[in-house]
Amino acid sequence: MDFIFKDMRKLFFLFSLTIYLSVFTHAQVKKQLPCLDKKFSVVVHIFKDSLGNSGVKESDIISNLTSVSSYFSKICVSFEVCEFRYINNFLYNQSTIGRDDYWKQVQQLYNVKNRINIYYVADISPSAAGIADLGAICRTDSLGIRVNKQSVFSNRVLVHEMGHYFGLKHTFVETRTTELVDGTNSLITADEIEDTPADPYVPSDVLLMGNYINFQKKRECEFIYKTMPYAVDAKGKFYAPLVGNIMSYYPEKCDCGFTDGQYLKMAATYMSNPKMW
């Protein structure tokens, strides 16, 4: 009888283990990031100045795109330059390209269909490192990305703008955030992604980064946020944003990539209209 009881316990244990492994495996598969298995072709447009100077090196741009590919590799996406185009119209090399009317002109004149079009200019208005059309990867008119030529010295700028191009918003909002630290409204505010914690950063505070980040040596990426009463959310909970998130505005040295939720969002944006590619 005792022998039978032991056998039954063994069978129960094996059955329980099987169920556990099945559930565990299912959970792992459910969380697995998709593999888009896609290499995107990029047309780089470089506007020359009034003296005919390009003001940017092709090698620096290629280096930036290599960095973008490394960040997007988790969803099996990479980018390569298929063509460099030099444009003598120096009107668009200035801040005019930041205006909606001029940006439409540029797209009509120079965009290449079914390619990611990146425009390098001397200045973007307002003084921005880059501007990307949100979610343009799934739009048949392609739109594009504008990058300040000085930004080639920062790999982060193009990665950040490509995030926008694939549908990602900033981790913060343009005014004081209403996102709650406990995440209960994360899907309807800020970037609308669940695994990016509430971020209280405000763009107008660009010169007040010391209120957010500890600039002491070896602690530069520690979030401190000194400015009260905005250190806490509407429920009185202290913020703890991901200062290393690519879609934040915190220092580049803190960068550590995208979250799984952001990868899923980018993949979903592309898959909503993959035929154009």
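Refer to the structure printed above.
Now for a description of the structure that goes with this document. Note that the coordinates shown come from a computational prediction; the quantities given were computed from them, not determined experimentally.

1. Examining the overall build of the chain
Across its full length, the chain holds 5 helices and 7 strands. Across the 277 residues that make up the chain, the buried fraction comes to 44%. By sequence separation, contacts in the chain at least 24 residues apart represent 69% of the contacts at least 6 residues apart. In the form shown here, the chain has an accessible surface area of approximately 15200 Å², with 57% of it arising from carbon and sulfur atoms.

2. Brief notes about the environment of Arg85
Of note, Arg85 is situated in strand β2 (residues 77-87). The exposure class of Arg85 is partly exposed, given its relative accessible area of 32%. Separated by 39 residues in sequence, Arg85 and Ile46 have C-alpha atoms that sit 6.1 Å apart. Apart from the residues within four sequence positions on either side, Arg85 is in contact with Val43, Val44, His45, Ile46, Tyr110 and Val112.

3. Quick notes on the state of the cysteines
According to the stated counting rule, one finds 2 disulfides in the structure shown. A sulfur-sulfur separation of 2.1 Å characterises the disulfide bridge that pairs Cys35 with Cys76. Taking the torsion about the sulfur-sulfur bond, which here is approximately -115 degrees, the covalent link between Cys35 and Cys76 counts as left-handed. Of this pair, Cys35 sits in the loop between α1 (2-31) and β1 (38-47) while Cys76 sits in the loop between α2 (58-72) and β2, placing them 41 residues apart in sequence. Judged by its relative accessible area of 29%, Cys76 is partly exposed. Linked covalently through their sulfurs, Cys221 and Cys254 form a disulfide whose S-S length is 2.1 Å. Linking Cys221 and Cys254, the disulfide has an S-S dihedral of approximately -95 degrees and is accordingly described as left-handed. Of the two residues, Cys221 sits in the loop between β6 (213-214) and β7 (222-223) while Cys254 sits in the loop between β7 and α5 (260-271), which places them 33 residues apart along the sequence. The class of Cys221 is partly exposed, set by a relative accessible area of 32%. For Cys254, a relative accessible area of 8% translates into the label buried. Across the chain, the way the bonded cysteines pair up, counted in sequence order, is 1-2, 3-4.

Cut-off values and rules
- Residues numbered from 1 in each chain as written.
- Predicted model: local features only at pLDDT ≥ 70, side-chain atom pairs only at ≥ 80, totals over all residues.
- Heavy atoms only, no water.
- Helix = DSSP H or I, 4+ residues; strand = E, 2+ residues; numbered from the N terminus.
- Buried < 20%, exposed > 50% of the residue type's maximum accessible area, 1.4 Å probe, protein only.
- Contact = heavy atoms within 4.5 Å.
- Areas by Shrake-Rupley, 256 points an atom, 1.4 Å probe, with all protein chains shown as cover.
- Disulfide = S-S within 2.5 Å.

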